[in-house]
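Tertiary structure, described
The residues making up each chain are set out below.
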2 protein chains.
Amino acid sequence: MALSLAWASALLVVFLSVLIFDRMGGFQSKNQFPVDGRTVILTGGSQGMGKAVAELLAKKGANVLIVARTVGKLEAALKDISAAAIRPSSQRFHYISADLTSPAESTRIITEATKWNNNQPPEILICCAGSASPGLFIDLPTSLVKEQMETNYSSSAYIAHAFLQPWLQNPSGMKSKEAKHIVFTSSIAALLPIVGYSLYSPSKVALRALADTLSQELLLYHPLCNIRTHTIFPGTIFSPGLEVENQTKPAITKKIEESDGGQTCEEVAAISIKGLERGEELITTSGIVGVALKAGMLGTSRRNGWGVVDTVVGWIAVIVLVLVRRDLDGTVRRWGKERLEKEK
Amino acid sequence: MALSLAWASALLVVFLSVLIFDRMGGFQSKNQFPVDGRTVILTGGSQGMGKAVAELLAKKGANVLIVARTVGKLEAALKDISAAAIRPSSQRFHYISADLTSPAESTRIITEATKWNNNQPPEILICCAGSASPGLFIDLPTSLVKEQMETNYSSSAYIAHAFLQPWLQNPSGMKSKEAKHIVFTSSIAALLPIVGYSLYSPSKVALRALADTLSQELLLYHPLCNIRTHTIFPGTIFSPGLEVENQTKPAITKKIEESDGGQTCEEVAAISIKGLERGEELITTSGIVGVALKAGMLGTSRRNGWGVVDTVVGWIAVIVLVLVRRDLDGTVRRWGKERLEKEK
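Residues numbered from 1 in each chain as written. Chains lettered and ligands numbered in written order. Predicted model: local features only at pLDDT ≥ 70, side-chain atom pairs only at ≥ 80, totals over all residues. Heavy atoms only, no water.

- Per an unreviewed UniProt entry, chain A is named 3-dehydrosphinganine reductase, and its organism is Stereocaulon virgatum.
- The annotation that UniProt attaches to chain A under Function (unreviewed entry) is "Catalyzes the reduction of 3'-oxosphinganine (3-ketodihydrosphingosine/KDS) to sphinganine (dihydrosphingosine/DHS), the second step of de novo sphingolipid biosynthesis." (UniProt positions renumbered as here; feature names shortened; annotations may be inferred.)

Structural data, given as structure tokens:
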């Protein structure tokens, strides 16, 4: 008896060590997302998470090109981003003002970006552009069905499409043989449906489905060009976008989100880049909650590291997420009942 | 030793019985989707799965209204559907020709449908309209980003939005107090990303996200009106749509789909209705493969029955889907390599 207890303890210790080691990225110590001396293009780079990611990449030695609509914001952001450069004399910074919901604009962006980047297409594309328009489904105008999709999904699909063309048409003409990257920014709302995000969640799950399909499809070209896709799932970010979104957010949605403390743009940016450096395809930024929500929706997506954490948390998530849902449903039900009684 | 073996066997038998009983819907014997004497509106009802579902519902005593674009096809389909009626003298059948990608058309449909249905809005909405435009991402025109989304996602979102208005604005004015239903038709491609469906999968995951969010959000109105949402995930269906889709389908996609035998419209319709009658929210139609793929992507969605099957299969899926992905990746990689060697 004592012997088997000892054995069990030993096994537990080994298991936990492997778990922690895996989570720390111990099995993949090489940086899978080197940016020093490379050129990164960021959509939605003039504010919020996009700008924070851009600053962090500048600190790591990247040349950075940001894309957004408003020139004033782009200029201000570029000042901060270039100030973060580790080698101000050699790193280069630029912005392009564009409306990403038009596919023609993406073609213009890749042409201008290539010209600016010494006739080489930038090798890393990070899509952070997007916004949420929360509201109760029956109160939302039907125009938002398309608008949310275009702002969050189509804009990223267009620019990914535009960048893949030069990468795949002339891969041997490119100087660097390092992996190229396309990073999409989804949302925790793509892993956990929440009342109020009926038109936002669909646009964010769409991004993940695109990334997942491309992750498989781009293997077709692997002998010529190694392109990796990634999806980031941030929770609440304290950003200018959040302030806009809170203006129309239903009270019940705010109540449910109370438990999600929220993170600064810098925190989300730092966690995201760490995930990319570990080579992760699906990256959550909200600690164990994010990991658990993702683990319940892994499907055939690539597991992080050796997949030990994803698998074990996945097993637990299958059970725990039932309780999460029950709790959410209860909150919504009570809210509905109270509102009805007040109206009487 | 012999005793513990007996115990283990007994437990296994009990467990398997519960599993099978749960799968058979044993714990929920009441029909959760009664249609006899009720009115169902079906989009995409003029052919394929939509028409097969309509015929089956006619056999079960429903009044059926089908919506599609082409009048000729609608007329032909309506003949078959009304011929399936169990009480031809009292059941009623009708069609409306409309382009569902315009939100205004959905408003017209609900008005016309209500008028035709003795001034009561139909209580069951089944969205089957949609089509796949497969192709390799870099070869697809960017116009398809929007088109696939509108055909498959927006069209269903618009009509769901239009039907919720009368249901929620005047629930006490409606004769029937039975649950109302919105059924979306997603695809197995929403659970398993496959090369060639980069713009199709996003539109189909979007539908599930909308259904999942509404499943929670509509609890707000539960004291007034019980509305349930469902999502069906069919695999390959032998239908006119499949023939169109096969014309542009990449060879690698066809190769991967070889293992999915495919089903007739009637088979898919029968399995879908059975799932609805058992009260399931997420319904797969391709046997154990479908159940496993769904179990790996359950998230916080409602489990079927008591959730025993979903949970157990979910645990297994977390592991098995890694191997499925590895197998798919290997096939795609080899295909890419062979193609490259041929081109040399």
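**Quick look at the overall build of chain A**
- Scanning chain A from N- to C-terminus turns up 11 helices and 9 strands.
- When its C-alpha atoms are laid out on the principal axes, chain A stretches across 65 × 65 × 40 Å.
- Per-residue burial over chain A gives 60% buried out of 344 residues.
- In chain A, 74% of the contacts between residues at least 6 apart in sequence involve partners at least 24 apart.
- Per element, the accessible surface of chain A, about 14,200 Å² overall, is 59% carbon and sulfur. (Helix = DSSP H or I, 4+ residues; strand = E, 2+ residues; numbered from the N terminus. Buried < 20%, exposed > 50% of the residue type's maximum accessible area, 1.4 Å probe, protein only. Contact = heavy atoms within 4.5 Å. Areas by Shrake-Rupley, 256 points an atom, 1.4 Å probe, with all protein chains shown as cover.)

**A few points about the pattern of salt bridges**
- Under the definition given, this model contains 32 salt bridges over all chains.
- Where R302 of chain B meets D329 of chain A, a salt bridge forms, and the shortest distance between an N and an O atom there is 3.0 Å. Taken together, the residues span two chains, with R302 of chain B in the loop between α10 (287-295) and α11 (308-343) and D329 of chain A in helix α11 (residues 308-343).
- Residue R302 of chain B is classed as partly exposed on the basis of its relative accessible area of 25%.
- Take D329 of chain A: its relative accessible area is 7%, and that puts it in the buried class.
- The salt bridge partner of R228 of chain B is E281 of chain B, with a shortest N-O separation of 3.4 Å. You can see R228 of chain B sitting in strand β6 (residues 227-233) and its partner E281 of chain B sitting in the loop between α9 (265-277) and β9 (282-284), a full 53 residues away along the chain. For the pair shown, R228 of chain B and E281 of chain B are each scored as buried.
- Among the charged side chains, a salt-bridge network with shared partners connects R228, E281 and R302 of chain A together with R325 and D329 of chain B. (Salt bridge = Lys/Arg side-chain N within 4 Å of Asp/Glu carboxyl O.)

**Here we look at the pairing of strand β1 (residues 39-43) of chain A**
Residues and elements named next belong to chain A.
- Of all 5 residues that make up β1, 5 are buried, and the element is covered over most of its length.
- The two faces of β1 match: T39, I41 and T43 on one face and V40 and L42 on the other face are all buried.
- Relative to strand β2 (residues 63-68), β1 runs parallel, the two sharing 5 bridges. Among the inter-strand pairings, T43 is bridged to a residue of β2, identified as V67.
- Handedness of the crossover joining β1 and β2 through helix α2 (residues 48-59): right-handed. (Pairing = 2+ DSSP bridges. Right-handed = clockwise from strand over helix to strand, strands pointing away.)

**Considering the pairing of β6 of chain B**
Residue and element names in this part refer to chain B.
- Of all 7 residues in β6, 7 are buried, a share of seventy percent or more.
- Neither face of β6 is left uncovered, since the one carrying I227, T229, T231 and F233 and the one carrying R228, H230 and I232 both have all their residues buried.
- Bridge count between strand β5 (residues 180-185) and β6: 6 bridges; the pairing is parallel. Within β6, the residue paired with K180 across the bridge is I227.
- Between the parallel pair β5 and β6, the chain is carried across by helix α6 (residues 200-217), and the sense of this crossover is right-handed.
- In this sheet, β9 lies alongside β6 in parallel orientation, the contact comprising 3 bridges. Residue pairing for β9: I232 is matched across the bridge by I283.

**Comments concerning the sheet that holds strand β3 (residues 93-97) of chain A**
Residue and element names in this part refer to chain A.
- Within the open sheet, the 7 strands sit side by side as β3-β2-β1-β4-β5-β6-β9. Their pairing is parallel. Strand pairing shows two members of the sheet lacking a second neighbour, β3 and β9 (282-284), which therefore form its edges. Neighbouring strand axes in the sheet, compared pairwise and without regard to direction, differ in orientation by 15° on average.
- Contacting β5 (180-185), β6 (227-233) and β9, helix α9 (residues 265-277) runs over the sheet at an angle of about 150° to β9. (Axes fitted to C-alpha atoms, helices over the stretch in contact; angles between N-to-C directions.)

**Digging into the sheet that holds strand β1 (residues 39-43) of chain B**
Residues and elements named next belong to chain B.
- With respect to topology, 7 strands assemble into an open sheet ordered β3-β2-β1-β4-β5-β6-β9, the strand pairing being parallel. Bordering the open sheet on either side are β3 (93-97) and β9, each of which pairs with just one other strand. Direction aside, neighbouring strands of the sheet carry axes that sit 15° apart on average.

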